[in-house]
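# Working through the structure, step by step
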Amino acid sequence: MVPDPASWRPVERRIFLFGVAVSGIAVAGPRTANARQRKADNAEKNLRYHSHSPNNAEPVLAELVKSWITPYENFYIRTHGPNPTIDEKAFTLSVEGLVRKPRKLTLGHIREGFSQETITATMTCAGNRRQEHSETKPVGGVPWGAGAIGNATWTGVPLAEILKHAEVQEGAKHVWFEGADQVDVHGQKTPFGGSIPFEKAMAVHGKTPGALVAWKMNAEPLRPDHGFPVRTVVPGYIGARSVKWLGKIVVSDRPSPNHFVAEAYKIVTEETPEQLAQAKPIYHYPINSAIAKPMGDREVPAGRVVVHGYALPPGEPGRTIQRVEVSSDGGKTWRDARLDEQSAPFCWRFWTAEIELADATTLIARATDSAGQRQPQTTPWNIKGYLYNGWHGRMLKVKPG
Ligand SMILES: Nc1nc2c(c(=O)[nH]1)N[C@H]1C(S)=C(S)[C@@H](COP(=O)(O)O)O[C@H]1N2
Ligand SMILES: [Mo]
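A brief structural summary. (Residues numbered from 1 in each chain as written. Chains lettered and ligands numbered in written order. Predicted model: local features only at pLDDT ≥ 70, side-chain atom pairs only at ≥ 80, totals over all residues. Heavy atoms only, no water.)

### Observations concerning the sheet that holds strand β11 (residues 193-197)
- Pairing is mixed across the open sheet formed by 5 strands, whose spatial order is β5-β4-β17-β8-β11. Looking at strand neighbours, the two that pair on one side only are β5 (103-106) and β11, the edges of this open sheet. Taken over all neighbouring pairs, the strand axes of this sheet differ in orientation by 20° on average, direction set aside.
- Bridging between strand β8 (residues 174-179) and β11 involves 5 bridges; their strand directions are antiparallel. For Trp-176, the partnering residue across the bridge sits in β11 and is Ser-195. (Pairing = 2+ DSSP bridges. Helix = DSSP H or I, 4+ residues; strand = E, 2+ residues; numbered from the N terminus. Axes fitted to C-alpha atoms, helices over the stretch in contact; angles between N-to-C directions.)

Now the structure itself:
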């Protein structure tokens, strides 16, 4: 059972002073508009911080399920290094590798030179619910509860358009993304990188492009924490493939050698070279669901209670949430939850269930998708604590009626 975020010890707020030097990217000092902006951004957020600079934070679950589109204030932040400071005017996005016409695209060109699309997609961290893995055995990484997930509208240009413009050559199999941030990896500064199969980059699932180069989130310019000025958004894939502060796209015949593709984001039980070499990078996220309300940290009166939560279909195209069930007797009997109206491809679905509470109760939720695939009761442990999607339990303190 996982403690609610409300019971966490607040992380001491450190004020971020210096921008990071990145080649081709302007460095700003403490008194710049950017530094002020960053402080303002953090203050606006309605999140519990696991760390500052790198900023890692998630919302309280009861807040998260108030709106199907997650407002900026409630949207989790996952970063591996300090936010880079980017000079919009000097900014270019480089498109290179297996292309006939390598490009350096300005923001103006990205925003105005291509067709523009707005999609809705849920983003979730591969480490969402990591705390539950650590109940089995310790795992590394940010100890996420079930709040490292959010749903937003994203406005941008389909990655496929940018690739066509650069004229992709024969043999393209993967597309790499590189951020402008600098992360400490084995004692060396490395940009955060992602990689997706070329097929996914060129795909259109219904109306949803396989990947978007986005500059707006919920109809507003991306905020610094979410990758200003541009990021990729890859519907159906773990958040790590949606690279923020995107500075470079490389078309290649192989997956990116970047640490965050070649080593991190793999399911292994030991980080040995053998296991890491064998394991494939994680792309899609699996089916998941969580109980968001009532929270476990306050007393709930006995009697009828409305339980709220989210359910996420797996990230493969065409899959939807078919059913969510809730149990208050440890999984012996289950009651169907009511699915909210609002739904869309690659998006979570909210649900509610009315449950009669007698005394101290553990509620459990599990979701089933349109292919009949159900959330597993537990998720096998892995050392990095990824993709926890076992039945979600919530222990309630019930006030006798
Ligand atoms: N450049 C860069 N992009 C990044 C990251 C990062 O640290 N640096 N973190 C990734 C991870 S692990 C996740 S889950 C998502 C989180 O996006 P958000 O902070 O906008 O919620 O961004 C991804 N893109
Ligand atoms: Mo993530």
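On we go from here.
### Considerations on the nonpolar core
- The biggest cluster of nonpolar side chains holds 60 residues, and the ones touching the most others in it are Ile-110, Leu-159, Val-213 and Ile-249.
- Looking at this core, the element that brings in the most residues is helix α5 (residues 159-166), giving 4 residues.
- Core analysis: the second largest hydrophobic core is formed by 20 residues, Ile-291, Val-324, Trp-351 and Ile-355 among them. (Core = buried A, V, L, I, M, F, W, Y, C linked by side-chain atoms within 4.5 Å. Buried < 20%, exposed > 50% of the residue type's maximum accessible area, 1.4 Å probe, protein only.)

### Here we look at the site of ligand 1
- By nearness alone, 20 residues border ligand 1, and Tyr-76, His-80, Asp-181, His-226 and Lys-244 come closest of all.
- With respect to ligand 1, the side chain of His-80 contributes an N or O atom lying 2.7 Å from an oxygen atom.
- For ligand 1, whose free accessible area comes to 530 Å², the fraction covered by protein is 100%. (Near = heavy atom within 4 Å. Polar contact = N/O pair within 3.5 Å; in protein donor to acceptor, adjacent residues only side chain to side chain. Areas by Shrake-Rupley, 256 points an atom, 1.4 Å probe, with all protein chains shown as cover.)

### Some remarks on the pairing of strand β4 (residues 92-97)
- In this structure, β4 lies alongside β5, joined through 4 bridges in antiparallel fashion. The residue of β5 that forms the bridge with Val-95 is Arg-103.
- Hairpin connection between β4 and β5: a loop of 5 residues separates the two successive antiparallel strands.
- One ladder, built from 4 bridges, connects β4 with strand β17 (residues 246-252); its direction is parallel. By the bridge assignment, Val-95 is partnered in β17 with Ile-249.

### Some words on the sheet that holds strand β1 (residues 47-51)
- Spatially, the 3 strands line up as an open sheet ordered β1-β2-β3, and their pairing is antiparallel. Only two strands of the sheet have a single neighbouring strand rather than two, namely β1 and β3 (77-78).
- In terms of strand pairing, strand β2 (residues 56-59) meets β3 through 2 bridges, oriented antiparallel. Within β3, the residue paired with Asn-56 across the bridge is Arg-78.

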